Amino acid sequence: MSNPYAPPDPDRPRPPMPPPVLPAAQPSPPPPDPTAALQARRLVTTTFVLVLASLVIRLLPAPWSATSVVFALVGLVVAARAMLVGRRARADRATLFAASVLVFAAGSGLMIGTASLVLLPAEVEYQRCQVGAVTVSGKHACTQAYDDAVAALQKRLTGPSLGR
């Protein structure tokens, strides 16, 4: 038996070495489209302004606050478009992340605004009552009337309960 630790015999023929296998060339992804990426960033900025406008308008008195739903809806559409344009243009991650966050924000604003439309008549009446109330007990009566209107609306939407 030969010594496995001995140096190889130089006279002994060696088996032929197989040719080196080169890795297959992976097709490189096409480069990002800079004009479409810029358009996606502009759409993200527009969406941010629309969502911010929706939040500010929501703070206005009752009839005007209902228009926040329109701003939120337009913001949701523009944010979804920004995501699509950004994905097609292979925009940077920050742009895509901002667009996805704005989709969530605009969608939340749309849901909240739509839910508040149901309470719009009671809210308008409450604001009229608050403007006309001079005393603390008058303002308390306005609050009580608003709470009663909300409870009645809730009962009407949920229907009769089984236990009552």
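Below is a summary of the structure that appears in this document. (Residues numbered from 1 in each chain as written. Predicted model: local features only at pLDDT ≥ 70, side-chain atom pairs only at ≥ 80, totals over all residues. Heavy atoms only, no water.)

**Considerations on the overall build of the protein chain**
Reasoning step 1: Check the secondary structure of the protein chain and you find six helices and zero strands.
Reasoning step 2: Taken from N to C terminus, the helices and strands of the protein chain fall in the order α-α-α-α-α-α.
Reasoning step 3: Relative to its length of 164 residues, the protein chain is extended, with a C-alpha radius of gyration of 33 Å against a globular reference of 15 Å.
Reasoning step 4: Taken along the three principal axes of its C-alpha coordinates, the protein chain extends 115 × 50 × 30 Å.
Reasoning step 5: Considering only intrachain contacts with a sequence separation of at least 6, the fraction spanning at least 24 residues in the protein chain is 69%.
Reasoning step 6: Surface exposure of the protein chain reaches about 12600 Å², of which carbon and sulfur atoms provide 69%.
Reasoning step 7: Computed over 15 positive and 8 negative side-chain charges, the inter-centroid distance for the protein chain is 6 Å. (Helix = DSSP H or I, 4+ residues; strand = E, 2+ residues; numbered from the N terminus. Rg over C-alpha atoms; globule rule 2.2 N^0.38 Å. Contact = heavy atoms within 4.5 Å. Areas by Shrake-Rupley, 256 points an atom, 1.4 Å probe, with all protein chains shown as cover. Lys, Arg positive; Asp, Glu negative; His and termini not counted. Charge placed at Lys NZ, Arg CZ, Asp CG, Glu CD.)

**Focus on the packing of helix 3 (residues 68–89) against helix 4 (residues 93–118)**
Reasoning step 1: Where helix 3 contacts helix 4, the two axes come as close as 8 Å, and the packing angle between them is 160°. Taken together, the axis directions place helix 3 and helix 4 in an arrangement best described as roughly antiparallel. Between helix 3 and helix 4 lies a crossing whose hand is left-handed. Between helix 3, through Val-69, Ala-72, Leu-73, Gly-75, Leu-76, Ala-79, Ala-80, Ala-82, Met-83, Gly-86 and Arg-87, and helix 4, the contact on the second element is made entirely by Leu-96, Ala-99, Ser-100, Leu-102, Val-103, Ala-106, Gly-107, Gly-109, Leu-110, Gly-113, Thr-114 and Leu-117. (Axes fitted to C-alpha atoms, helices over the stretch in contact; angles between N-to-C directions. Parallel < 35°, antiparallel > 145°, perpendicular 65-115°, else oblique. Left-handed = near helix turned anticlockwise from the far one by under 90°.)

**With respect to the side chain of Ser-54**
Reasoning step 1: Tracing the sequence through the fold places Ser-54 in helix 1 (residues 34–58).
Reasoning step 2: A residue is classified by how much of its surface remains accessible, and Ser-54, at 8% relative accessible area, is buried.
Reasoning step 3: In contact with Ser-54, other than residues within four places in its own chain, are Ser-68, Phe-71 and Ala-72. (Buried < 20%, exposed > 50% of the residue type's maximum accessible area, 1.4 Å probe, protein only.)

**Quick notes on the pattern of salt bridges**
Reasoning step 1: Here the structure, examined in full by the defined rule, presents one salt bridge.
Reasoning step 2: A salt bridge links Arg-128 to Glu-125, with the shortest nitrogen-to-oxygen separation between them at 4.0 Å. A residue pair is termed a helical-turn pair when its members lie 3 or 4 positions apart in one helix, as Arg-128 and Glu-125 do in helix 5 (residues 120–132) at three residues.
Reasoning step 3: The class of Arg-128 is exposed, set by a relative accessible area of 57%. (Salt bridge = Lys/Arg side-chain N within 4 Å of Asp/Glu carboxyl O.)

**Let's talk about the packing of aromatic side chains**
Reasoning step 1: Enumeration according to the criterion identifies one aromatic pair in this entry.
Reasoning step 2: Note on Tyr-126 and Tyr-146: the rings are 5.0 Å apart at their centroids and 40° apart in plane angle, and the pair reads as tilted. Of this pair, Tyr-126 sits in helix 5 while Tyr-146 sits in helix 6 (residues 136–158); the two residues are 20 residues apart in sequence, bridging distant segments of the chain.
Reasoning step 3: On the accessibility criterion, Tyr-126 (26% relative accessible area) is partly exposed. (Phe/Tyr/Trp six-rings, centres within 6.5 Å; stacked < 30°, edge-to-face > 60°.)

**Describing the environment of Lys-155**
Reasoning step 1: Along the polypeptide, Lys-155 turns up in helix 6.
Reasoning step 2: Residue class for Lys-155 comes out exposed when judged on its relative accessible area of 60%.

**Points about the nonpolar core**
Reasoning step 1: In terms of nonpolar packing, the biggest core is built from twelve residues, these being Ala-40, Leu-43, Val-44, Leu-50, Val-51, Val-78, Ala-79, Ala-82, Val-85, Ala-99, Leu-102 and Ala-106.
Reasoning step 2: Counting only elements with at least two residues in this core, the list comes to helix 1, helix 3 and helix 4.
Reasoning step 3: Ranked by the residues each element gives to this core, the list is headed by helix 1, at five residues.
Reasoning step 4: If we skip the residues at most four places from it in the chain, Val-78 touches Leu-43, Thr-46, Thr-47 and Leu-50. (Core = buried A, V, L, I, M, F, W, Y, C linked by side-chain atoms within 4.5 Å.)

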